[in-house]
Each structure stands twice: as structure tokens, then as C-alpha cells.
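Close look at the chain arrangement
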Amino acid sequence: MTESPGVTPSVVAAASTVSASDSEPNKRESPEFKETVDDNSNRLETNADTLQTPVRPPDCAFGWIPTLAVMVNNMFIFGASNSYGVFSTYYLNIRFPDTPATTLAWIGTFITTLMLSCSVVTGALADKIGYRPTAYIGTIISTAAYILASFSDKVWQLILTQGVLLGIGASFIFAPSTSIAPQWFEKHRGLASGVAVAGSSLGGLWFTAATQAMLDSLGAKWTLRILGFITLGVTSIMNLLYFRRVPPKPRKRLFEFSAIKRLTFWLVSLELFSVYTGYWALTFYIGTTARLLGGSMQDGSNLLLVLNAGSAVGRVLAGVVADKFGNINTLLVSLTLTTNAVQYVMQIHKSGPDIAPDCK
């Protein structure tokens, strides 16, 4: 049999299977035969998509365009959560001094929790309707959250707008962002992923400084409005650069529930839960801690700046190391170093002198 130009052997094999089914009516009713036909139909659809969509090779220079777009978008969706410590200090000491810190913490908690948890839905939606439409939905919701928060005068209103709504909006941008860099790179996948996620720390870096400056000169309301307009303008441009390297695979259902039956899934989920809990608690309360130790609001902002700067460098370096020594090995070393650093600081605070000078 001669193959037509542009038709892969898998397409020919799938077509032969379907053709053979016409001469064997007794086999059509068997479950094995139906599963084979369904599988071949999916392969036909996948090959048709592949023939229509140009597939670029991995590790090509073009892949850095969508990767850098992800980095910039991460500046905004993670910058909002990484810099919330500045808002938390401002709300706790100036705007809502009689409100417990645990209540105000719900704002930042909802941003990060919903951004990560809602990606279960928004990630599947991105595969269904495409990366760009999903990201633009996030841009609209996030902008609306900032604007509505600027008109909020009660804590519960800020929880719903700056917390819940902003977290949901960020998840629509976050979900498609996670899979862009890995699909464009193989040899330098760790480096590309590190550059992409470094945007979250870089965003926390300039978000923190800009937010602190605007809060000091303009107050919370106009600070939120300006952040909303900047988010609208920048992410709208970056969303246009969300290119896929390969077309999505056809999926029969929105969610793959088979994953929950795997022990690996639950172990990874537990590890990520533990890591994110420790990380976000530090970013939320580092500014308030500086104040409790006798420092100023600017001292707390400076500590958050240093934290984000170190995180940005560490994310890129971790990607480079992961390409050479493996992901799991790099993760184990990072967790060990982080745990030892936290234990060291706790021991100094418990047995040593006041560490307020370290905040200045």
C-alpha cells in the first residue's frame, strides 16, 4: 500500500482498522473492538490537528518569546500575593488598626489559595478553549477585582474583592502559564521553567517597592486602581504571546479522575501544600514582624524586597542545577537549605538579642 503525502503511518493503520470492521460485523459489539476504534479515532483527530498546526522543534529560539511572556505575567499574578505583606502592614497599622491580623490575613490567603486551587478547573478550560482566551478572562477578572477593591471600605469587602475575586482571576492566567515553558524546551527545560517562575519573585520585588511608594503618597484606594490599570495593560499584551508548540490532545472528559488513585499524586500534593504554607506565611507576616521588633514600615518593605530578590536568583539557579543533576535532587537540596535557614533564625530569636537591628 502506498501512503499519501503528509499522512503518517498511524493514520493509515487507524483507517485500516476502521475499514476492516465493515467485514467483521461480529467483532463490532465486543468491548475490545470499540476501545480500539475509539483510540484510532482519537489518533486520527490528533494527526489531523498536527497536520494543520505547524509544530516547531523543541529548544528553538522562538520558545523564549512565550517563556518571557509567562515571566512578565507571573510578575503580576504572583506579585499581587508576594507583595501583600506591604498591604497587610498598611491595613493593620493605619487603615484597620482594630482588626486582628488573622482576619486581614484572609485577603492574602484567598489570593494564593484560589489562584492555585482554581487552576484545577482553569487548567482544563485552557485545554478546551485555548491559552489566550483563558488568560484574557483572567485579565478582566483581575482588573475588576482591583477596581472594586479600591471602592471597598470594609474588611469583608476587601476579602471578597482583593482576596477572592483577585485569586480567581489570577488562576485563569496562572493555569495556562504553567505548561508553556516545559513544552517549548527539553534540554534546557529547567532553565526555561526557572526563568518563567522567576517572574513571580521579580514581580514581588518591584510590586513591593511600587506599592509601598504609592501607599505612602496616594493611599490604598488609588494604589489599587493604578495596579488594576497596569495589570490590564501589560497582561493584555503578554497574553497575545501565549503560543503553543504542539496542539492539545483530544480529551473525552474535563477532569482526569484516574490521577487521584495514584500514591504519587497525593505525595506530591502533600509536599506542595507544606512548601506553599511555609512560603506564603513568611511573605505575609515579614513586614508585620519587623514592626513588632521595633522597625518601621519601610524596614518591613525592605525585608520583603530582599526576600523576593533572593527568590528570583534562586529560581533561575535552581533551574540550571535541575537540568544537570535532576529535579528531585535539586528539590531535596533546596528544602534542606530552607529548613536549616529557618531553624537558624528561630534559634537566634529565641536565645540571642533582639534582631530589630537586622531589619534596618
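Residues numbered from 1 in each chain as written. Predicted model: local features only at pLDDT ≥ 70, side-chain atom pairs only at ≥ 80, totals over all residues. Heavy atoms only, no water.

Remarks on the pattern of salt bridges
Overall, the coordinates contain three salt bridges when judged by the stated rule. Arg95 is paired through a salt bridge with Asp153; the nearest N and O atoms lie 3.9 Å apart. Within this pair, whereas Arg95 is found in helix H4 (residues 84-95), its partner Asp153 is found in the loop between helix H7 (131-150) and helix H8 (155-177), the two being separated by 58 residues in sequence. A salt bridge links Lys221 to Asp153; its shortest N-O distance comes to 2.8 Å. Of this pair, Lys221 sits in helix H11 (residues 220-239) while Asp153 is found in the loop between H7 and H8, placing the two residues 68 residues apart along the sequence. Residue classification places Lys221 among the partly exposed positions, given a relative accessible area of 30%. Taken together, the shared-partner salt bridges connect Arg95, Asp153 and Lys221 into one network. (Salt bridge = Lys/Arg side-chain N within 4 Å of Asp/Glu carboxyl O. Helix = DSSP H or I, 4+ residues; strand = E, 2+ residues; numbered from the N terminus. Buried < 20%, exposed > 50% of the residue type's maximum accessible area, 1.4 Å probe, protein only.)

Quick notes on the confidence of the model for the protein chain
Per-residue pLDDT for the protein chain averages 77, and the proportion of residues at 70 or more is 79%. At the level of individual helices and strands, the protein chain shows its lowest average pLDDT in helix H1 (residues 9-20), which scores 42, and its highest in H7, which scores 94. Segment residues 1-28 is flagged for pLDDT under 50; beyond a separation of four residues in sequence, or across chains, it makes 21 contacts in the model. Note that residues 355-360 has pLDDT below 50 and, in this model, 11 contacts with residues that lie over four places away or in other chains. (pLDDT = per-residue confidence, 0-100. Contact = heavy atoms within 4.5 Å.)

Regarding the side chain of Thr139
As for its placement among the helices and strands, Thr139 is situated in helix H7. Residues within four places of Thr139 in sequence aside, it is in contact with Ile173, Thr231, Leu232, Thr235, Ser236 and Asn239.

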